[in-house]
Amino acid sequence: MNKIEILAPAGDMESLKAAIANGADAIYLGPDLFSARAFAKNFSLPEIKEAVEYAHLRNVRIFITVNILYHDDEFKKLFQYIDHFYEYQVDALLIQDIGLLKAVRKRYPDFEVHVSTQMTVNSLEAVRYFEDLGVTRIVLSRENTIEEIRYIKEHSSLEIEVFAHGALCVSYSGQCLMSSMIGKRSGNRGACAQPCRMTYQLKEDGQVIENEAFLLSPRDLCTIDNLQEYIDANVTSLKLEGRMKKPEYVAAITKAYRKAVDHCYGKKENYTKDDIDDMKQMFNRHYTKGFPFHDPHIVDTDFSGNRGMPLGVVIGYNRKRKVAAIKLTDELKQGDSILFKSVDAGRPVNKIYFKGKLVNTGHPGETVEIEFDQPVFNGDVMKTVSVDTLKKLDETFMHEKKYRSISFILHAHKDAFLSLEALSGEEHVTIASEHLIEEARHTPTDASRIKKQLSKLGSTIYLLDEISLDMDENINIPISLLNSLRRDAVDTLNDRFAHTKLHHLQPQELPQPKQHTSHKNNYIVVRTIEQLQTVMTEDNVYMYYDEETVHDAFDIFVKHHKPVCFYMPRINTDEDIQNILNNPIIDQVESFIVNDYGLYRLWKDKHVILGSGLNITNSLSASSFNESIIASYETSRQELEKMSQVTNELIVQIYGKTENMITEHCLVSQHYFQKKIKHCHRCKGHTYTLVDRKGYEFTLFTDERCRNHILHNVPILIESYGSLAISTLLFFLDEDCQTIHEVLEAYKTNSFHEYRNQIASTSGYYKV
């Protein structure tokens, strides 16, 4: 059985070397274009080639992240990049865009494809959809529990990758529009502005119940104590997050998880408290075991930045000298950085005063003074950067290590050419000299001297395994020749490993999408029974599926002699899917809008419309389906025009709020119990809103599965869509009946431009 893989991040070449030196089995990295970490340093094409050769030589795989959603005008350049990745022998591509995924499978049939967590894969049925497409690996959502992971792996042959350590997203990945809708910085495009790390107020029935807290900021994930459970569940890969972090951070987390994994497989040495402290010192927001291991403590509401390690407490401040007095509980050195928690501010420490004198180091128990312009009179002090820790971690990747074993067989016979065989892994090379072996005239070259010369592998990546000598007695072999043969053998092996051939085909041409004449219909989605009753005189009405209202909704459809149609949730685990399938009314539903690949695969024989949860953003993706499609909210007018030409029916939401986040975490439960308690019913009978620092209010509602949905503060309203060959969608989530009547009237009378003047709204990406 293969060991579970440690998959480490690399934002630059130094981080890649740090990860490899500390035991990574594989590295994921992004190109300087098209990366889900747009603000990381990332790798140019020449650097990617260098990274692949460097890693392959050291028996480490390279995965390239192209896991964002793409615009049509980017694909030409993107495929040029992927052609280079294919030529460079990159091991796998990590993909989010469904059109790109299908195209890669056609263009490069022997290129390994991994499905990004941005695809929001939560269920076995969704995994099976991608299994049918020929992918190799699925990165499951961070919200999947260990029981769900085990169930999926037991019923699928695909590799399963899970996030094991690092920053968490509070929203389901791939389903977060918060940054995108607020500031046009799309998480699906690798440019998230992290609004989850900002402060918010929580209102209940219009009254503030939590004031200016980090309500959406998760702790960092740390599952190092639970690796055996992942191994027992047959998980393939443990993903460590951190492409935006320093090389020393990468070194610290990789080193600790390497020790922990090896310990699970029988190695006595395990990670230590020092290893955990190193990880925390490099960056931490406090740790959580996350949803996989049912940790109820996901979010810390008091602070969203790096907490570092405890250093001491403030015991006074001198305004005249602008120095803070700190009673130390840990060592402080010049060059360290500190944070004063009470004012959420800090600085690098250039000068340390002890008893009025400058010192290089402050020791535990001492009271030292630090220059600090901002008055601070109390509170904890944290060390956020330790020069000693940085130096220690730097040393872990400053010198070459041994990554492969090597064996030599020397052939030396009188009157024959000297030759050396070198064996490492599956590679076998023979280096022959043009030197004829002669009988020794004086002192013959003995076996111990030969082995000594062949053993000189100090600066190479090879660890000597065995030396075999096939030689005559009483012969003379020049030492310089032995050295030359050894060097040539090592160089030849290096070249073979660095240029391992993984791909053997010519990239295939992609077919041009067929042109279509689109339909023009209008669709309506509502969420509540009252809303449904309000729109029952309209056509193409879909009810937001909720197990608490589904039967009442069904009765209303039947009573009004309307087709029963449901808009399905964007998040569906296997348990959720089973509950849906067990509902006796499902067989009587005439049409579904599906937002996940699991239900899509199950219901391909039914009438389905592909919802915005599938993030269909370009014509390559749109043309890869035969069904009607609701375009992604992040699609511009120009792209909608292209998409409409290659789909049977393209549907565009012209009115309605977006669901900016769907969270497994519950803000209401967090407020009342400081953790999530499912079905606590605190949300029943109340209305909730989140208020950001600018005073904008975002409706928050909780579904029957105890997932929070955070809506945008204003609805999308698009009035200039008439020239497009599209169908339209009106989406009512938190509107009252009067507002619904007004929107319908404005739509029917083609007066959205006038209605826009009456309400606050956004055109989203439509004008971009």
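Everything discussed here concerns the structure shown above.
Fair warning: this is a prediction, and the values are worked out from it, not measured in the lab.

**Remarks on the packing of aromatic side chains**
Alright, step 1. Counted by the stated rule, this structure contains 23 aromatic pairs.
Alright, step 2. For the ring pair Tyr544 and Phe701, a centre distance of 6.3 Å and an interplane angle of 80 degrees mean the geometry is edge-to-face. With Tyr544 in strand S30 (residues 541-544) and Phe701 in strand S38 (residues 697-702), this pair connects stretches of sequence that are 157 residues apart.
Alright, step 3. Residue Tyr544 is classed as buried on the basis of its relative accessible area, which comes to 5%.
Alright, step 4. Of the residues examined, Phe701 reaches a relative accessible area of 9% and is grouped as buried.
Alright, step 5. On the numbers, 5.7 Å between centres and 80 degrees between planes, the contact of Tyr545 with Phe566 is edge-to-face. Linking Tyr545 in the loop between S30 and helix H15 (550-559) with Phe566 in strand S31 (residues 565-567), this pair joins segments that are 21 residues apart in sequence. Note on accessibility: Tyr545 and Phe566 belong to one class, buried.
Alright, step 6. The ring of Phe163 carries the charged tip of Arg142 above its face, separated from the ring centre by 3.8 Å.
Alright, step 7. The ring of Phe701 carries the charged tip of Arg527 above its face, separated from the ring centre by 3.9 Å.

**A few points about the sheet that holds strand S24 (residues 417-424)**
Alright, step 1. The mixed open sheet is built from 4 strands, whose spatial order is S25-S24-S23-S27. Two strands bound the open sheet, and with one partner strand each, they are strand S25 (427-436) and strand S27 (462-471). Pairwise comparison of adjacent strand axes, ignoring direction, gives a mean angle of 15 degrees for this sheet.
Alright, step 2. Inspection of the sheet shows strand S23 (residues 404-412) paired to S27 by 9 bridges, in the parallel sense. Pairing of Ala412 across the sheet is with Met471, part of S27.
Alright, step 3. Along the sheet, helix H13 (residues 479-498) contacts S23, S24, S25 and S27; its crossing angle with S25, the most-contacted strand, is approximately 150 degrees.

Each value, and the rule that gives it
- Residues numbered from 1 in each chain as written.
- Predicted model: local features only at pLDDT ≥ 70, side-chain atom pairs only at ≥ 80, totals over all residues.
- Heavy atoms only, no water.
- Phe/Tyr/Trp six-rings, centres within 6.5 Å; stacked < 30°, edge-to-face > 60°.
- Helix = DSSP H or I, 4+ residues; strand = E, 2+ residues; numbered from the N terminus.
- Buried < 20%, exposed > 50% of the residue type's maximum accessible area, 1.4 Å probe, protein only.
- Lys NZ or Arg CZ within 6 Å of the ring centre and 35° of its normal.
- Pairing = 2+ DSSP bridges.
- Axes fitted to C-alpha atoms, helices over the stretch in contact; angles between N-to-C directions.
- Contact = heavy atoms within 4.5 Å.

Everything listed is a geometric property; what it means functionally is a separate question.
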